[in-house]
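# Fold and contact review
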Amino acid sequence: MPVQFAKQQYYEKRITKSYIIPQDPLFTEQWNLLNTGQVGSEYDGHNLNIEPAWLQGITGCNVTVSIVDDGLDYRHLDIWPNFAPSATYDYADDDFDPLFYRVSHGTSCGGVVGGAHNNLFCGTGIAYESNIGGLRLLPLSGEAMDMQEANALSHAMDIVDIYSSSWGRSDKGTVVEGPRTMGQIALKMEQADYFPQGRNGKGSIYVWANGNGGFLDTCATDGFASSIYTISVGAISATGLPSFFDVECPAKLVTAYVTDQEDDVDIRTTVTGGKCRAAFGGTSAATPMVSGSIALALEAKYSFVVKHGLLPQLSTSPSLTWRDVQYLIAYTANPQLTNGTDTDINGAGLAVSHQYGFGVMDAEAMVTRARHWIHVPPQMQDNVNTVSQSVANPD
Ligand SMILES: [Ca+2]
Ligand SMILES: [Ca+2]
């Protein structure tokens, strides 16, 4: 055949499409996701180790996270692509529209979890292909009834995988409060000892802010953060030291990065009204970081089991249980990034402290370990009847 075409051949860079470095304008300032020294070169690497998880093709796909808060601007350019109406309701006003223009707390949490990736707007979320719902619970007064809390925390329990709550009782340390009667039933019902109702029997996942009361507060008086059914989240700064507002707490499971120094870069996320937020912080910001990281782990387990055609038997079923998730966090959180002094080794050989829980959330470690995770046994409960015996005092 005669030569019909001739051209000098040369190499050009090509990349796989499973991960694209976000071109969103605020991404370079999202040091909590990828710290290249934005908050001081000495802190390079103090981040949630998210990028290696993305590089594995894990983005929170098919996982639903609902933000229980003061509303969600679902029309926002960074929220709308992932908005999940079925995981959404306004329990404060009893309607289907969770958008309330005068506040941004919930919208900012939503952006941390599932802000749209690479749409050239704001930053990017951690689980940027997860489904994001908004369960509006808190009106401007900040007051909610027991029934409203219970309804929000059990909304669409077969659809919502993770309920992310960056709120709770007062941080003064003098208020002893927690979920009331119906709220307690809702938390327990979805994760019941033997027959959990949430997530089609795997148990709903509740992620909870530990609070910002600093040394004045303790989670011992906080029935939300210290519940066995919640994953209690604390805050750590880029220095590896606890944030000044962080609350020491024996129930704390894990910490995530926020800002607590004047010169630091605040957490970048979304604001109600279609804007981008340049200043978000507190354990309110740390909590959705953990929710987003858990969403990555849920997808990793599911996609690994389905891809390899493993039978959905107990040990290999594609869904992590609520207890699996707590164990996974304990075994994969990174205590090496913390600089506190209050650390002990527990009976399982894990470093744990009242300042950091089991350490800083490590998304890559969690995703990697989730793939091969064997389910832990269901929660056990044993009641022991004590026998009292009267003994006569000797004369
Ligand atoms: Ca409404
Ligand atoms: Ca974006």
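Residues numbered from 1 in each chain as written. Chains lettered and ligands numbered in written order. Predicted model: local features only at pLDDT ≥ 70, side-chain atom pairs only at ≥ 80, totals over all residues.

Before going further, it helps to examine the overall build of the protein chain. A count of helical and extended segments in the protein chain gives 7 helices and 11 strands. Its C-alpha atoms give the protein chain principal-axis dimensions of about 120 × 50 × 45 Å. Within the protein chain, the proportion of its 395 residues that are buried is 52%. Sequence separation of 24 or more characterises 74% of the internal contacts of the protein chain that already satisfy a separation of 6 or more. (Helix = DSSP H or I, 4+ residues; strand = E, 2+ residues; numbered from the N terminus. Buried ≥ 20, exposed ≤ 12 C-beta atoms within 10 Å, placed from the backbone. Contact = placed C-beta atoms within 7 Å.)

Next up on the list: the environment of isoleucine 21. Tracing the backbone shows isoleucine 21 in the segment before helix 1 (51-55). Isoleucine 21 sits in the exposed class, given 12 other C-beta atoms within 10 Å. Along the chain, isoleucine 21 and phenylalanine 358 lie 337 residues apart, while their C-alpha atoms are 30 Å from each other.

We now examine the environment of glycine 60. Checked against the element boundaries, glycine 60 lands in the loop between helix 1 and strand 1 (64-69). Separated by 91 residues in sequence, glycine 60 and asparagine 151 have C-alpha atoms that sit 25 Å apart. Contact partners of glycine 60, with chain neighbours within four places excluded, come to Gly114, Ala127, Tyr128, Glu129, Ser130, Gly292, Ala295, Leu296 and Glu299.

Our focus in this paragraph is helix 2 (residues 105-114). In terms of burial, helix 2 is a largely internal element, 10 of the 10 residues being buried. Along helix 2, the residues that are buried comprise His105, Gly106, Thr107, Ser108, Cys109, Gly110, Gly111, Val112, Val113 and Gly114.

In the numbering used here, UniProt assigns the "active site" (unreviewed entry) feature to Asp69, His105 and Ser284. A maximum C-alpha distance of 10.2 Å among these annotated residues, which run over 216 residues, shows that they cluster at one spot. With respect to the secondary-structure elements, aspartate 69 resides in strand 1. Those residues in contact with aspartate 69 that sit more than four places away from it in its chain are His105, Gly106, Cys109, Leu137, Leu138, Ser166 and Trp167. Given 21 C-beta atoms within a 10 Å radius, histidine 105 is considered buried. Residues within four places of histidine 105 in sequence aside, it is in contact with Asp69, Asp70, Ser166 and Ser284. (UniProt positions renumbered as here; feature names shortened; annotations may be inferred.)

The side chains of a regular strand alternate, first on one face of the sheet and then on the other. In terms of burial, strand 3 (residues 131-136) is largely enclosed, as 6 of its 6 residues are buried. On strand 3, burial covers both faces: Asn131, Gly133 and Leu135 on one face and Ile132, Gly134 and Arg136 on the other are all buried. Across 6 bridges, strand 1 lies against strand 3 in parallel orientation. From the neighbouring strand, valine 65 faces strand 3, where its bridge partner is isoleucine 132. Strand direction decides the pairing type here: strand 2 (residues 89-90) and strand 3, joined by 2 bridges, are parallel. Bridge pairing in strand 3 places aspartate 90 opposite arginine 136. (Pairing = 2+ DSSP bridges.)

All right, on to the pairing of strand 4 (residues 162-165) then. Burial along strand 4 is two-sided: Ile162 and Ser164 and Tyr163 and Ser165, pointing in opposite directions, are all buried. Pairing between strand 4 and strand 5 (residues 205-209): 4 bridges, direction parallel. Bridging from a neighbouring strand, serine 164 pairs with valine 207 of strand 5.

All right, on to the sheet that holds strand 6 (residues 230-236) then. Taking strand neighbours across the sheet as the criterion, the 7 strands line up as 2-3-1-4-5-6-7 in an open arrangement whose pairing is parallel. In this open sheet, the two strands that pair with only one neighbour each are strand 2 and strand 7 (252-257). One ladder, built from 5 bridges, connects strand 6 with strand 7; its direction is parallel. Paired with valine 233 across the two strands is valine 254, which belongs to strand 7.

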